[in-house]
Amino acid sequence: IEYIASWYYNKLEHIKFSSSLGKFVGYTEFGVKNAEAWNNDPSYLAQSKAQKETYCLNNIGNAFSNI
């Protein structure tokens, strides 16, 4: 299971968080600056990593209960 959160503006992806990487990745100049700042903030990075357990693992049963 992988948790991915992406931020878009005008159909262009600026920043993405991937739980498999465990960090933010920036794709534009603005995104790179924000990703660097967010990766250097331990509390925000820990909060983002916890989203996998909070959202994905609690709902995995719902996804596979219809199969």
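Fair warning: this is a prediction, and the values are worked out from it, not measured in the lab. (Residues numbered from 1 in each chain as written. Predicted model: local features only at pLDDT ≥ 70, side-chain atom pairs only at ≥ 80, totals over all residues. Heavy atoms only, no water.)

Moving residue by residue along a regular strand, the side chains alternate between the two faces of the sheet. Sheet analysis places strand E2 (residues 12-18) next to strand E3 (residues 23-26), joined by four bridges and oriented antiparallel. Its bridge partner being in E3, Phe17 is matched across the sheet by Phe24. (Pairing = 2+ DSSP bridges. Helix = DSSP H or I, 4+ residues; strand = E, 2+ residues; numbered from the N terminus.)

With antiparallel pairing, the three strands of this open sheet are ordered in space as E1-E2-E3. This sheet does not close on itself; its edge strands, each paired only once, are strand E1 (4-9) and E3. The average undirected angle you get between the axes of adjacent strands in this sheet is 15 degrees. Each of E1, E2 and E3 is contacted by helix H1 (residues 29-39), which is oriented at about 165 degrees to E3, the strand it contacts most. (Axes fitted to C-alpha atoms, helices over the stretch in contact; angles between N-to-C directions. Contact = heavy atoms within 4.5 Å.)

Attention now moves to the packing of aromatic side chains. One pass over the structure, following the stated rule, counts seven aromatic pairs. For the ring pair Trp7 and Phe24, a centre distance of 5.9 Å and an interplane angle of 50 degrees mean the geometry is tilted. Of this pair, Trp7 sits in strand E1 while Phe24 sits in strand E3, placing them 17 residues apart in sequence. Overall, Trp7 belongs to the partly exposed group, its relative accessible area being 33%. An aromatic cluster of three or more residues is present, and its members are Tyr3, Trp7, Phe17, Phe24, Trp38 and Tyr44. (Phe/Tyr/Trp six-rings, centres within 6.5 Å; stacked < 30°, edge-to-face > 60°. Buried < 20%, exposed > 50% of the residue type's maximum accessible area, 1.4 Å probe, protein only.)

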